[in-house]
Amino acid sequence: MKEFMPQNMESKKKVLVTGGLGFIGSHTVLSLIKSGFSPVIVDDCRNSQEFIHDSLQRLSGTKIPWIKEDYQSFDSYREYLEDEDLDGIVHFAAYKAVGESVENPMMYFQNNVSGFIALLNEVLKHDIKNVVFSSSCTVYGQPESNPVTEQTPMQIAESPYGATKQMCERILQDFAAAHKEVNSIALRYFNPVGAHHSHEIGELPLNKPNNLMPLVVMAAKGLIEKLTVYGNDYQTKDGTCIRDYIHVEDLADAHVKALDYLMTPSSENYKFVNLGNGTGYSVLEVIQKFAEVNEVVVPHEIGERRPGDVEAIYADTSMAREILNWQASKDLSDMVRDSWQWSKFLDKSNG
Ligand code: UD1
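What you see is a predicted model, and the numbers here were worked out from it, not measured in a lab. (Residues numbered from 1 in each chain as written. Predicted model: local features only at pLDDT ≥ 70, side-chain atom pairs only at ≥ 80, totals over all residues. Heavy atoms only, no water.)

Student: What exactly am I supposed to notice about the overall build of the protein here?
Tutor: When you go through the protein residue by residue, the secondary structure sums to 11 helices and 13 strands. If you line up the protein on its principal axes, its C-alpha atoms span 55 × 45 × 40 Å. Relative to all contacts within the protein whose residues are 6 or more apart in sequence, the contacts with residues 24 or more apart total 83%. On the protein, roughly 15,500 Å² of surface is accessible, and the fraction owed to carbon and sulfur atoms is 48%. Positive and negative side-chain charges in the protein, numbering 32 and 49 respectively, have mean positions lying 3 Å apart. (Helix = DSSP H or I, 4+ residues; strand = E, 2+ residues; numbered from the N terminus. Contact = heavy atoms within 4.5 Å. Areas by Shrake-Rupley, 256 points an atom, 1.4 Å probe, with all protein chains shown as cover. Lys, Arg positive; Asp, Glu negative; His and termini not counted. Charge placed at Lys NZ, Arg CZ, Asp CG, Glu CD.)

Right, dumping it as structure tokens:
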């Protein structure tokens, strides 16, 4: 399904997208093209799959340059870094599994933090003007109250993964203070779910998934016997944890708005912004909505609390509305429908 044909490629703003074949990266690549940007992907497929590149080209009707290398192998895409027309970098490439980060913290600090410092040195070296950084609501830890605003104090990170996001934000903030010529923004994602409305790209956890939505899908398909709900004795409406789920297409659009913001002359040169729906849903509400919208059964049982889980967190999204002119447009029904339809597309493709 080809949905849009970019017009004049020459005048387009070029953007490097590290991790551009991943879940949020791939959707952002489509949003960028739709909005007149010309993305160049750097992704070594360590946590993504090659066919996503074909899908992106098919869906956008355009050739998308792709460097299949570690984003830290700067020499492999030096020509793009040196390109005077390169307007910015959207940096997704990072590890993101909380449990894995506890087992192998050095791998997380190396890839997520050292790599990011090296990338910022490239930004300076090549006079790149705009940087969008993928952060996470994990920086807030367990907040004292909800919704969380950008002013809500950070808590000590529960995991090395969370620590890498806090560290990178701090690095970016200090970098921005010292280098006023570079504009940057950290986007604090809440819980990204759903899939592209074509259902031809979506989340592809390569190892055993840990996140709720892929596991709900697996339970509905009978690939696992039952989904375990991690605890129902929290101080919440039904005892299960509350999260702010956000459709990945909404999130992707926010990256385009973030670049637009950075490229506006009056913008501040460093910002951090919450990206969520602004509504908190419990685990049981997600399961119920999934079952109702998709007319399936999601076998589940109540289990123990998962260590490190935050009881409740959802976003105050006023800043995103104000400075990015962005707000989520898709609701939980869209999210559960698109997650399910994407999984069915994968089944069909796998024959
Ligand atoms: C965590 C991180 C987030 C990170 C995301 C990516 C924290 C606080 N949050 O989000 O920053 O971006 O992982 O991996 O570190 N649940 C079940 N059963 C399951 C799986 C999940 O009940 O089998 C529940 C969890 O307890 C939680 C909710 O579903 O309440 C969402 O969990 P999950 O999808 O893993 O995301 P977070 O833990 O919120």
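Student: What exactly am I supposed to notice about the layout of surface pockets here?
Tutor: Summary: where empty space remains is shown by rolling a probe the size of a single water molecule over the atoms. Of the voids in this model, the second largest pocket is the one considered here, and its volume is about 370 Å³. Forming the walls of the second largest pocket are 19 residues, and the residues nearest its centre are Glu203, Pro205, Val217, Ser343 and Leu346. For the lining of the second largest pocket, the secondary-structure elements that each account for two or more residues are α7 (212–221) and α11 (332–349). Looking at the lining of the second largest pocket residue by residue, the classes come out as 12 nonpolar, four polar and three charged. (1 Å grid on protein atoms, 1.4 Å probe; cavity = no way out; pocket = protein on both sides within 12 Å on 5 of 7 lines; lining within 4 Å. Points joined across faces, edges and corners; volume = space filled by probe spheres on them. Nonpolar A, V, L, I, M, F, W, Y, C, P; charged D, E, K, R; others polar.)

Student: Is there a simple way to explain the nonpolar core in this structure?
Tutor: Within soluble globular proteins, side chains that are nonpolar tend to cluster in buried spots. Leu56, Ile185 and Leu275 are the most contacted members of the largest nonpolar core, which has 43 residues in total. Sort the elements by how many residues they give to this core and helix α8 (residues 248–262) lands first, with eight residues. Those residues within four positions of isoleucine 185 in sequence are excluded, and the remaining contacts are Val131, Val132, Phe133, Leu172, Ala258, Tyr261, Leu262, Lys271, Val273 and Leu324. (Core = buried A, V, L, I, M, F, W, Y, C linked by side-chain atoms within 4.5 Å. Buried < 20%, exposed > 50% of the residue type's maximum accessible area, 1.4 Å probe, protein only.)

Student: I tried to follow empty space enclosed by the protein on my own but got confused; where do I start?
Tutor: Under the counting rule described, the total for this entry stands at one cavity of 30 Å³ or more. As a volume, the largest cavity reaches approximately 60 Å³. Together, Tyr71, His91, Phe92, Ala93, Ala94, Asn111, Asn112, Phe133, Ser134, Thr164, Lys165 and Cys168 line the largest cavity. Looking at which element gives the most residues to the lining of the largest cavity, the answer is helix α6 (residues 160–178), with three residues.

Student: Would you mind showing me how to read the confidence of the model for the protein here?
Tutor: Caution applies to low-pLDDT parts of the model: their predicted coordinates are not meant to be read in detail. Put simply, the protein has an average pLDDT of 95, and 97% of its residues get 70 or more. The low-confidence segment residues 5–10 (pLDDT under 50) makes 10 contacts with residues lying over four places distant or belonging to another chain. (pLDDT = per-residue confidence, 0-100.)

Student: Whenever I open this one, the pattern of salt bridges confuses me. Can you help?
Tutor: Once their charged atoms are close, side chains differing in charge can pair, the charge on each being opposite to the other. What the rule picks out here adds up to 21 salt bridges. With a closest N to O distance of 3.3 Å, lysine 271 and glutamate 268 form a salt bridge. Given the relative accessible area of 45%, glutamate 268 is considered partly exposed. Via salt bridges that share partners, Asp75, Arg78, Glu122 and Lys125 belong to a single interconnected network. (Salt bridge = Lys/Arg side-chain N within 4 Å of Asp/Glu carboxyl O.)

Student: Looking at this structure, I do not really get helix α9 (residues 283–294). What am I missing?
Tutor: Note that an α-helix has 3.6 residues per turn; residues three or four places apart therefore point the same way. With 12 residues, α9 extends 17 Å between its outermost C-alpha atoms, agreeing within 8% with the 16 Å of an ideal straight helix rising 1.5 Å per residue. The set of residues buried in α9 consists of Val283, Leu284, Val286, Ile287, Phe290 and Asn294. In a view along the axis of α9, the buried residues occupy a sector of 165°, so they form one face of it. The exposed set on the far side of α9, more than 90 degrees from its buried face, consists of Gln288 and Glu292. On the buried face of α9, the contacting elements are α7, β8 (227–230), β10 (245–247), β12 (281–282), β13 (300–303) and α11. Residue glutamate 295 follows α9 closely and has a positive phi angle near 50°. (Expected span 1.5 Å × (residues − 1). Arc of directions from axis to C-beta.)

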